[in-house]
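Residues per chain are reported as follows:
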Amino acid sequence: MIAHLKGHLIIKEADRIVVDVAGVGYEVFVPLKVLAQLPDINKPISLFIETLVKEDDISLYGFLKKEDRETFILLREAKGVGAKTAFSLLSFFEADQLINFILNEDVNALLSVPGIGRKTAERIIFELKDRAKKLSDRPNLPKSSQIEADVELALISLGYTVKEAREAIKKSKEELNEGFTLEDMIKVALKKLVKG
């Protein structure tokens, strides 16, 4: 099975790309979050790949980070969760955030993703919590990235949407000095959200 591709990006569409590897074009489905981080057309690209084989179809799913591929595989182990649902979750959240949501049994965070119903969110948490613990031992994010992930989780748990949380975090980063703490960012982000 194909587990990695390294070549040049030659086509970029809404949910898929084509990577030229030594003259062969591979169609790869990618989450929205990945699309926003892709290089320009004809530039080099390297992707971790998960190959899914059905009776009449072989599909490639691509990720920029190994952790995203591992989390994609994990999510699909929950009953009723297919590639589309797993992709939706990885389009909104980083892999480490999703692992934290599962470990903390944060149903509301998963429900903030369009198309994810309560039954699916609860099933993901119930069925994957033990397996998610293994992935939670991965190397931590850089401190600032970890703080942003934790702040986003905190704001979502308070009832704010993913979009609102990320916008508040973005504005907060512009205001805060380097070396800020989790508490610093939460305070500033909440002020931004209250002011609207």
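Residues numbered from 1 in each chain as written. Predicted model: local features only at pLDDT ≥ 70, side-chain atom pairs only at ≥ 80, totals over all residues. Heavy atoms only, no water.

Draft legend 1. Representation of the sheet that holds strand 4 (residues 44-54) in the model. The mixed closed barrel is built from five strands, whose spatial order is 1-2-3-5-4. Taking the axes of each pair of neighbouring strands and ignoring which way they run, one obtains an average angle of 55 degrees across the sheet. Sheet analysis places strand 2 (residues 16-21) next to strand 3 (residues 24-29), joined by six bridges and oriented antiparallel. Following the sheet pairing, Val18 is matched in strand 3 by Glu27. Its contacts with the sheet place helix 2 (residues 66-75) against strand 4 and strand 5 (57-63), and it is angled at close to 15 degrees to strand 4. (Pairing = 2+ DSSP bridges. Helix = DSSP H or I, 4+ residues; strand = E, 2+ residues; numbered from the N terminus. Axes fitted to C-alpha atoms, helices over the stretch in contact; angles between N-to-C directions. Contact = heavy atoms within 4.5 Å.)

Draft legend 2. Main features of the nonpolar core. Phe72, Leu75 and Ile124 are the most contacted members of the largest nonpolar core, which totals 45 residues. Of the residues forming this core, the biggest block, six residues, is contributed by helix 6 (residues 118-135). With 13 residues, the next largest nonpolar core counts Leu5, Val19, Ile49 and Leu60 among its residues. (Core = buried A, V, L, I, M, F, W, Y, C linked by side-chain atoms within 4.5 Å. Buried < 20%, exposed > 50% of the residue type's maximum accessible area, 1.4 Å probe, protein only.)

Draft legend 3. Inspection of the packing of helix 2 against helix 3 (residues 83-92) at higher detail. At a minimum axis separation of 9 Å, helix 2 and helix 3 run at an interaxial angle of 135 degrees. Here helix 2 lies oblique to helix 3, going by the angle between them. Between helix 2 and helix 3 the crossing geometry is right-handed. Residues Asp68, Thr71, Phe72 and Leu75 of helix 2 form the contact with helix 3, whose participating residues are Ala83, Ala86, Phe87, Leu89 and Leu90. Its residues placed into classes, the contact of helix 2 with helix 3 shows seven nonpolar, one polar and one charged. (Parallel < 35°, antiparallel > 145°, perpendicular 65-115°, else oblique. Left-handed = near helix turned anticlockwise from the far one by under 90°. Nonpolar A, V, L, I, M, F, W, Y, C, P; charged D, E, K, R; others polar.)

Draft legend 4. Spatial organisation of unusual backbone geometry. Positive phi outside glycine occurs at Asn42, with the angle close to 75 degrees. Within the secondary structure, Asn42 sits in the loop between helix 1 (32-35) and strand 4. In this structure, Glu105 takes a positive phi of about 55 degrees despite not being glycine. By secondary structure assignment, the location of Glu105 is in the loop between helix 4 (95-103) and helix 5 (107-111).

This is a description of form; function is not addressed.
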